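Fold and geometry: a report
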Amino acid sequence: QVQLVQSGSEVKKPGASVKVSCKASGYTFSSFYINWVRQAPGQGLEWMGIINPSGGSTWYAQKLQGRVTMTRDTSTSTVYMELSSLTFEDTAAYYCARASQLYDPFDIWGQGTMVTVSS
Amino acid sequence: DIQMTQSPSTLSASIGDRVTITCRASQSISNWLAWYQQKPGKAPKLLIYKASNLESGVPSRFSGSGSGTEFTLTISSLQPDDFATYYCQQFNDYSRTFGQGTKVEIK
């Protein structure tokens, strides 16, 4: 079945970086975009950016420009999201989510990865 | 960035009730709007796309309407599985902003 499986939870110190993976299966990896969305505890959803697995092009939310990097490995059908210079405000559940086109809604979601920033 | 405002923030309802959630955009987004359902500890689930199109597998008691700046999500007869938080999201511009969410609680 079509699914996105994310890596496990992480605990990081302020100033560190975190890299979360999202492995796709059940569909043609290069035919769908992958978005990243985060949700701080008890808060709403925030779009972080999107990657085109076909060519690797990326588009990032203005707020996170310079701190977020999205990459992909076509040999393993995996997308990665790396966030640097972590602060306590980056504590959140991070989700990857599939979209058919650049400006399409997100039809398949990963299970989420909790990233906790703690000293 | 386009701002999305949902109302109400919380809604208390009973099984069988008709429930309506509103989402307003700060500028026209045509019909580039989606609705999601999220349960605690789970990823969101797509319900409606392009304002009024039901995603495959979603029960027909869910419906969406609207265009421009005002949109609604309606649950025609609330079921036990529907108690959750609902989010709208716009796709008209780069920011792909979400509304702040509407929590549907048991009355």
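Just above sits the structure.
Fair warning: this is a prediction, and the values are worked out from it, not measured in the lab.

Further remarks concern the interface of chain A and chain B. Tallying the contact residues gives 22 residues for chain A and 17 residues for chain B. Both sides of the chain A and chain B interface together cover about 1,700 Å² of buried area, and 62% of this is carbon and sulfur. Together, A:Leu45, A:Trp47 and A:Tyr103 form the three largest contributors to the area buried by chain A at its contact with chain B, with a combined 40%. There are zero salt bridges connecting chain A and chain B. Taken together, the connections running from chain A to chain B amount to six residue pairs in polar contact (both at pLDDT 80 or more). Elements supplying a minimum of two residues to the side of chain A that touches chain B: β4 (33–39), β5 (46–51) and β6 (58–60) of chain A.

All names here are of chain B. Across the sheet, which stays open at both edges, the four strands sit in the order β1-β3-β8-β7 with antiparallel pairing between neighbours. Bordering the open sheet on either side are β1 (4–7) and β7 (62–67), each of which pairs with just one other strand. On average, adjacent strands in this sheet sit at an angle of 20 degrees to one another, irrespective of strand direction. Summarising the sheet, β1 and strand β3 (residues 19–25) pair through four bridges and their orientation is antiparallel. The residue bridging Gln6 from the neighbouring strand is Cys23, located in β3.

A separate point is the layout of surface pockets. Put simply, the largest pocket is a space of about 370 Å³. Lining of the largest pocket is provided by 18 residues; of these, A:Glu46, A:Trp47, B:Asp1, B:Ser95 and B:Thr97 occupy positions nearest its centre. Class assignment of the residues belonging to the lining of the largest pocket gives a composition of seven nonpolar, seven polar and four charged.

A separate point is the sheet that holds strand β1 (residues 3–6) of chain A. Residue and element names in this part refer to chain A. Spatial strand order, β1-β3-β8-β7: four strands in an open sheet with antiparallel pairing. Of all the strands in the sheet, just β1 and β7 (68–73) have a single pairing partner and so form its edges. Geometrically, the sheet is characterised by an average inter-axis angle of 20 degrees between neighbouring strands, direction not taken into account. By the bridge criterion, six bridges tie strand β3 (residues 18–25) to strand β8 (residues 78–83) in an arrangement that is antiparallel. Paired with Lys23 across the bridge in β8 is Thr78.

Turning next to the packing of aromatic side chains. Tallying each qualifying case throughout the model produces ten aromatic pairs over all chains. Ring centres 5.6 Å apart and planes at 90 degrees place the aromatic pair A:Phe106 and B:Phe91 in the edge-to-face group. Of the two residues, A:Phe106 is situated in the loop between β9 (92–99) and β10 (108–109) and B:Phe91 in the loop between β9 (85–90) and β10 (102–106); the pairing between them involves two chains. No difference in accessibility class separates A:Phe106 from B:Phe91, as the two residues are buried. An aromatic cluster of at least three residues, connected via ring pairs, comprises A:Tyr95, A:Phe106, A:Trp109, B:Tyr36, B:Phe91 and B:Phe98. Above the face of the A:Tyr27 ring, A:Arg98 is positioned so that its terminal group lies 4.7 Å from the ring centre. Above the ring of B:Tyr94, the side-chain terminus of B:Arg96 is found at 6.0 Å from the ring centroid.

Let's shift gears to the state of the cysteines. Summed over the entire model, instances satisfying the criterion amount to two disulfides over all chains. A:Cys22 shares a disulfide with A:Cys96; S-S distance 2.1 Å. An S-S torsion of about 80 degrees defines the bridge between A:Cys22 and A:Cys96 as right-handed. In this pair, A:Cys22 sits in strand β3 while A:Cys96 sits in strand β9, placing the two residues 74 residues apart along the sequence. Covalent S-S linkage joins B:Cys23 and B:Cys88, the inter-sulfur distance amounting to 2.1 Å.

We now examine the pattern of salt bridges. Close approach of charged atoms allows side chains of opposite charge to pair. Residues and elements named next belong to chain A. Taken as a whole, this structure holds ten salt bridges over all chains when the rule is applied. Two residues, Asp90 and Arg38, come together in a salt bridge whose shortest N-O distance is 2.8 Å. Taken together, the residues Asp90 in the loop between β8 and β9 and Arg38 in strand β4 connect sequence positions 52 residues apart. Ionic contacts of the salt-bridge type, sharing partners, join the residues Arg38, Glu46, Lys63, Arg67 and Asp90 into one network.

Cut-offs used in this document
- Residues numbered from 1 in each chain as written.
- Chains lettered and ligands numbered in written order.
- Predicted model: local features only at pLDDT ≥ 70, side-chain atom pairs only at ≥ 80, totals over all residues.
- Heavy atoms only, no water.
- Contact = heavy atoms within 4.5 Å.
- Buried area = accessible area lost by both parts, 1.4 Å probe.
- Salt bridge = Lys/Arg side-chain N within 4 Å of Asp/Glu carboxyl O.
- Polar contact = N/O pair within 3.5 Å; in protein donor to acceptor, adjacent residues only side chain to side chain.
- Helix = DSSP H or I, 4+ residues; strand = E, 2+ residues; numbered from the N terminus.
- Pairing = 2+ DSSP bridges.
- Axes fitted to C-alpha atoms, helices over the stretch in contact; angles between N-to-C directions.
- 1 Å grid on protein atoms, 1.4 Å probe; cavity = no way out; pocket = protein on both sides within 12 Å on 5 of 7 lines; lining within 4 Å.
- Points joined across faces, edges and corners; volume = space filled by probe spheres on them.
- Nonpolar A, V, L, I, M, F, W, Y, C, P; charged D, E, K, R; others polar.
- Phe/Tyr/Trp six-rings, centres within 6.5 Å; stacked < 30°, edge-to-face > 60°.
- Buried < 20%, exposed > 50% of the residue type's maximum accessible area, 1.4 Å probe, protein only.
- Lys NZ or Arg CZ within 6 Å of the ring centre and 35° of its normal.
- Disulfide = S-S within 2.5 Å.

Remember, this is a structural readout, not a statement about activity or role.
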